[in-house]
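Now for the letters of each chain:
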Amino acid sequence: MTISLEGVGYRYAGATRPSLLEIDLDLADGVVIGLAGPSEAGKTTLCLVASGLAPRTVGGQIRGRITLDGEDIDAWPMHRLSQRIGIGFQNPSTQLSQVAATVFEEVAFGPMNLGVARDEVVARTWAALDSLGIDGLAERDPQRLSGGPQQLVAIAGLLAMRPEHLVLDEPTAQLDPAGTRLVAEAIARLAADGASILVAEQKTDLLAEVASTVIVLAEGRIALRGPASQVLADPRLVELGVAEPAAIRLRRAAVAAGVDDDRLKGALRG
Amino acid sequence: MAGRDRLTDPPPGADRGVPDFVGRPGPSAYHRLNPLTKATLATVTAIAAVVLGGLIGPIVLVTAAVIVPAVVGRVLGRLIRTALLLALPIAVSAFLVNLFFFPGAETVLLRVGPITATAEGLGFALEILVRILAISGAVTLFYLTTRPADLVVDLERRGVSPRVGFVANASVQTVPAMVERAAQITAAQRARGMDTEGSIWRRIRGVVPIVGPVILGSIAEVEERTMALEARGFTRPGRRTLLWSPPDSGLESLARWALLAALLALIVGRVTGIWA
């Protein structure tokens, strides 16, 4: 199952210039594509377009073609798309339903909306909570959690919907290292189970860990694309305003200090 | 997709079922009433207090329909504090306007410079005050004893669109969210040297740079919330799955209809003049 974007461009309503231009992208089963780029590069916009929220909910004008398993999704309503593509945002508090008294009910909100059978809702909810290690929060009021746990609850809410494709817009922006690790593990596990994931992130360390392919956006266009190990080590990354992963920075610093690159690679592998 | 089966297979622990805390009964007999019963009582009390008029009627009504349930629900202290806070601004202004500017009043009680407090104005001001407190008390009692999520679920069970419950619930929750946002923006502006203390004029000037970000931020949040709800299938047509619903009984249903019938009788009585 694949989401394909062919020559996609997008302009927000009232904007004088497009935010995305000529985007070609294939997101297939079990693949994690990392999306990097400086602020205003179009990462969030691409997430909205790939999930179908733009232009359905956001408005604006779209060009090009988006297909899901070869079928044009142009006429699909959002509630139909939401059963196939899940999207998570940066700000956890706005992702909460506001009608759930407990974290358990919050996570169950999505499958309940989809009319999934009650026992299945319960099973999915526990599974999603367990997979992120937050089953201990199940009884808490989601509105009273701090940013990190709230983001994990929001992601658990997405997982409970069991989408085949997942779009995550900076899911770890408000998480501490432990929370970031849980999200990275969840992404890896979902990909291993066959889900396809598009994850926009400023934290290139996370992308280095979970993404097989990395795309770097600049001014709405794809500036770099390729296997994660190559793109994240590309010297143009920094010029484009994206921080290199810590391992790459360390390696560069060591080589600059005269350490033999082959020995360093061996040491890092060892 | 190869992994779907593994994803849909219940993982270890998934047979735990709906946890006890989902829809846990409230701490008192009043809390445990069906949310619609409490909503009906609050609505009937608020409207009846206005229709009844006078002083004695609304006071008896408030005692029976607000104070007694608040004692049963063990929320009397919080009810008084919240209801007074809620009603204070409008109650004080309504009281003063009627006390000093009641049209056609002749019995002077007190002169303060150019304005005069009258006995007729005092009587009417007290009536208005009792009505405002009755409305504020009835609404506060409902929110102190009912989780908004319970009302949404109960309405949904009765076939009301979840959107109606969501809008009602979100409207209530918007107020504390805006207050919190205003506090954060005030702290940020003060950290950057804005003076929000001192004379009234200074305070008013200090409000201006706070109002804009609060309103614009709230509007931006609405868009994000809408997107998140759409992405979670909220707009899907058809019935949602409910994990639980608040219990209801024939007796409560009868009580709701009796309350509505009594309110209707009261209104008819007042309109036709049977109830003077």
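As the structure is a computational prediction, the values presented were derived from the model and not from experiment.

Comments concerning the overall build of chain B
Within chain B, the secondary structure is distributed over 9 helices and 2 strands. Tracing chain B from N to C terminus, the helices and strands come up as α-α-α-α-β-β-α-α-α-α-α. Relative to the globule expectation of 19 Å for 276 residues, the C-alpha radius of gyration of chain B, 25 Å, shows a markedly less compact shape. Going through the 276 residues of chain B one by one, you find that 27% of them count as buried.

Things to note about the packing of helix α2 (residues 35-52) of chain B against helix α3 (residues 56-72) of chain B
Residue and element names in this part refer to chain B. Contact geometry for α2 and α3: axes closest at 9 Å, N-to-C directions at 170°. Relative to α3, the element α2 is oriented roughly antiparallel. Counting all contacts with α2, which are made through Leu41, Thr45, Ala48, Ala49 and Leu52, the residues of α3 involved are Gly57, Pro58, Leu61, Val62, Ala65 and Val66. Residue classes in the contact of α2 with α3 are distributed as 9 nonpolar, 2 polar and no charged.

Focus: the sheet that holds strand β7 (residues 165-169) of chain A
Residues and elements named next belong to chain A. If you trace the 6 strands from one edge of the open sheet to the other, you get β6-β7-β8-β3-β9-β10, paired in mixed fashion. Only two strands of the sheet have a single partner each, and these edge strands are β6 (85-88) and β10 (221-227). The mean angle between the axes of side-by-side strands here comes to 15°, regardless of whether they run parallel or antiparallel.

Structural notes on the interface of chain B and chain A
Contact residues are listed per partner, giving 43 residues for chain B and 48 residues for chain A. Elements supplying a minimum of two residues to the side of chain B that touches chain A: α1 (4-8), α6 (148-157), α7 (162-191) and α8 (200-231) of chain B. If one sorts the elements of the side of chain B that touches chain A by residue count, α8(B) sits on top with 8 residues. When the residues that make up the side of chain B that touches chain A are grouped by side-chain class, the tally is 19 nonpolar, 12 polar and 12 charged.

Focus: the sheet that holds strand β2 (residues 20-28) of chain A
Residues and elements named next belong to chain A. Taken in spatial order, the 4 strands make up an open sheet running β2-β1-β4-β5, and their pairing is antiparallel. Both edges of this open sheet fall to β2 and β5 (71-72), since each of them pairs with a single strand only. As paired elements, strand β1 (residues 2-11) and β2 share 6 bridges and run antiparallel to each other. Residue pairing for β2: valine 8 is matched across the bridge by isoleucine 23. Running over the sheet, helix α1 (residues 43-51) touches β1, β2 and β4 (61-68) and is turned about 125° from β1.

Here we look at the domain arrangement of chain B
Per the domain assignment, the segments of chain B are domain 1 (33-146) and domain 2 (148-234). Put simply, the middle of domain 1 of chain B and the middle of domain 2 of chain B, counted by C-alpha atoms, are 27 Å apart.

Structural notes on unusual backbone geometry
Note: most peptide bonds trans; most residues except glycine with negative phi. All names here are of chain A. Residues alanine 54 and proline 55 are joined by a peptide bond in cis, for which omega reads 5°. Along the chain, proline 55 turns up in helix α2 (residues 53-56). Even without glycine at this site, glutamate 40 takes up a positive phi of about 70°. Secondary-structure assignment places glutamate 40 in the loop between β3 (32-36) and α1. Although it is not a glycine, glutamine 98 sits at a positive phi angle of roughly 70°. Inspection of the secondary structure assignment puts glutamine 98 in the loop between β6 and α4 (103-113). Here glutamine 98 falls in the buried class, since 22 other C-beta atoms lie within 10 Å of it.

Conventions used here
- Residues numbered from 1 in each chain as written.
- Chains lettered and ligands numbered in written order.
- Predicted model: local features only at pLDDT ≥ 70, side-chain atom pairs only at ≥ 80, totals over all residues.
- Helix = DSSP H or I, 4+ residues; strand = E, 2+ residues; numbered from the N terminus.
- Rg over C-alpha atoms; globule rule 2.2 N^0.38 Å.
- Buried ≥ 20, exposed ≤ 12 C-beta atoms within 10 Å, placed from the backbone.
- Axes fitted to C-alpha atoms, helices over the stretch in contact; angles between N-to-C directions.
- Parallel < 35°, antiparallel > 145°, perpendicular 65-115°, else oblique.
- Contact = placed C-beta atoms within 7 Å.
- Nonpolar A, V, L, I, M, F, W, Y, C, P; charged D, E, K, R; others polar.
- Pairing = 2+ DSSP bridges.
- Domains from an automatic or database assignment.

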